[in-house]
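Observations on the three-dimensional arrangement
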2 protein chains.
Amino acid sequence: MPNTLDYIHKTITSIIEVNNDEWNYFSGLFEVKELKKKEILLHADTICKNIYFVNSGLLRIYFTDNNGRESSFHFVPEHDFATDYESFLQQTPSKYFIQALEDTQVVIISNNMVLDGFKKLRYGEKLGRKLTEKYFILYCKKIQALYTQTPLDRYREMNKLFPFVLQRVPQHYIASYLNISSVHLSRLKNE
Amino acid sequence: MPNTLDYIHKTITSIIEVNNDEWNYFSGLFEVKELKKKEILLHADTICKNIYFVNSGLLRIYFTDNNGRESSFHFVPEHDFATDYESFLQQTPSKYFIQALEDTQVVIISNNMVLDGFKKLRYGEKLGRKLTEKYFILYCKKIQALYTQTPLDRYREMNKLFPFVLQRVPQHYIASYLNISSVHLSRLKNE
DNA sequence: CAGAGGCAATAACATTTGTTATCAAATTGA
DNA sequence: TCAATTTGATAACAAATGTTATTGCCTCTG
């Protein structure tokens, strides 16, 4: 029978090898959380204590500037991980919010589980490294894009990278992700 | 007597503890390289095989877009480390150039030395982690700045963070670091 | 020391992008 | 279902930023 942890198991084992003993130990430790649309999963100025695996739904990671304006940093659809890795790694207050854009079910991987995983999974360190690299590369690409691409370029790129986002996310969030106003995005689309 | 490795020793031991045996082993492995002004230390599309410690002088890390325009990514003055960590970690082709803006002396830390350091230094892993975190945080801040700050804000911030840069770097490099044209930077300064 | 090239300031103009306001359509929630 | 809210498009205008060209100064190099 399909269960709540099928997808996270599938995702993890696509990165590292996990045997039955290992999985049996860890699968008992996961917690599951249901979020209503618009609910906040992580609040800025609090420490990000978990990594979240999205079972279903959609999350948005964003931050606010001094004037309270939001910038969408990342969108996380089902079957992917979400966290503020900077805050999580250092256990320092986060600058980000994580919010559900749809009713969302997440699997919670606590900091303790991660540390435990480094010890008890044969390839735990590798999993950690892979996730870190994934984040690092995400950041690298983002900086490059902001420097070298026009908003229109970034919009097109985003269509390729996250086709799901355009269908499911209000346009002003997409505009803030591209770092332009929603009026401007609307104009760009007419080209 | 002062020698070439004094500063790198000082810098490393400010991050982790290194005893005499450890240092004696590693200090023999460093290589030193002299660069003339404008010389290229790392070329885009090649693999970044080393971490460089700047003994004296000044490096600029930059990349080019499709039209051949340069964006300055980072400036590295004496007594700090320079590398393309993305390329170095994964041993994949770099997107960056590293160039000397002044006559510069660097100490070369090869990939092999780094791997060796992880094993033979008691706190080698910690040193690696700290450097990774430093880069990660640098990237985080850069993204936040690009999203939430105006060019003028970024200029002021940069004055605080890298006071040395403004004195020693041609203004059009600073403009490209701020992601604006040199004409615009010139205008901003008159405020 | 002299010429060449690089650099910064400036002006004039063009383009991009933001802001505000308005309206209609779609969505939501009681 | 219906009112309230959200959303996306559009127009008109304002502000930010880029481009090109010019000038004078400085620096380097032979």
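Now for a quick tour of the structure. (Residues numbered from 1 in each chain as written. Chains lettered and ligands numbered in written order. Predicted model: local features only at pLDDT ≥ 70, side-chain atom pairs only at ≥ 80, totals over all residues. Heavy atoms only, no water.)

1. Remarks on the sheet that holds strand E6 (residues 81–82) of chain A
All names here are of chain A. Strand order across the open sheet formed by four strands is E1-E8-E3-E6, with antiparallel pairing between neighbours. Whereas interior strands pair on both sides, the edge strands pair on one side only; in this sheet they are strand E1 (31–35) and E6. Bridge analysis of E1 against strand E8 (residues 104–110) gives five bridges, and the strand direction is antiparallel. Each bridged residue has a counterpart across the sheet, and for Glu31 the counterpart in E8 is Ile108. With respect to the sheet, helix H1 (residues 6–13) is in contact with strand E3 (50–56), E6 and E8, its orientation differing from that of E3 by roughly 115 degrees. (Pairing = 2+ DSSP bridges. Helix = DSSP H or I, 4+ residues; strand = E, 2+ residues; numbered from the N terminus. Contact = heavy atoms within 4.5 Å. Axes fitted to C-alpha atoms, helices over the stretch in contact; angles between N-to-C directions.)

2. Looking at the layout of surface pockets
Reported here for the largest pocket is a volume of approximately 1,400 Å³. What lines the largest pocket is a set of 44 residues, and nearest its centre among them are Phe118, Glu125, Gly128, Arg129 and Thr132 of chain A. Where the lining of the largest pocket is concerned, the elements lending two or more residues are helix H2 (20–27), helix H3 (85–90), helix H4 (111–120) and helix H5 (124–148) of chain A together with helix H3 (85–90), helix H4 (111–120) and helix H5 (124–148) of chain B. The element best represented in the lining of the largest pocket is H5 of chain A, accounting for ten residues. Among the residues forming the lining of the largest pocket, the class breakdown is 27 nonpolar, nine polar and eight charged. (1 Å grid on protein atoms, 1.4 Å probe; cavity = no way out; pocket = protein on both sides within 12 Å on 5 of 7 lines; lining within 4 Å. Points joined across faces, edges and corners; volume = space filled by probe spheres on them. Nonpolar A, V, L, I, M, F, W, Y, C, P; charged D, E, K, R; others polar.)

3. Considering empty space enclosed by the protein
Applying the stated rule across the entire model yields three cavities of 30 Å³ or more. A volume near 270 Å³ is recorded for the largest cavity. What lines the largest cavity is a set of 19 residues, among which Ile12, Ile109, Val114, Leu121 and Leu127 of chain B lie closest to the centre. Secondary-structure elements contributing two or more residues to the lining of the largest cavity are helix H2 (20–27), H4 and H5 of chain B. Looking at side-chain class alone, the lining of the largest cavity contains 15 nonpolar, three polar and one charged residues. Considered as a void within the structure, the second largest cavity measures approximately 40 Å³ in volume. Forming the walls of the second largest cavity are Ile61, Phe73, His74, Thr83, Asp84, Tyr96, Tyr135 and Tyr139 of chain A. If you list the elements that add at least two residues to the lining of the second largest cavity, you get strand E5 (70–77) and H5 of chain A.

4. A word on the protein's contact with DNA strand C
Around DNA strand C, the surrounding shell holds 17 residues, and the nearest of these are Ser181, His184 and Arg187 of chain A together with Gln171 and Asn190 of chain B. The sugar-phosphate share of atoms of DNA strand C within 4 Å of the protein amounts to 68%. A distance of 3.0 Å is found between a phosphate oxygen of DNA strand C and a backbone nitrogen or oxygen belonging to Ser181 of chain A. When contributions to the surface near DNA strand C are tallied by element, the ones reaching two or more residues are helix H9 (182–189) of chain A together with helix H8 (171–178) and helix H9 (182–189) of chain B. For the surface near DNA strand C, the leading source of residues is H9 of chain B, giving four residues. (Near = heavy atom within 4 Å. Polar contact = N/O pair within 3.5 Å; in protein donor to acceptor, adjacent residues only side chain to side chain.)

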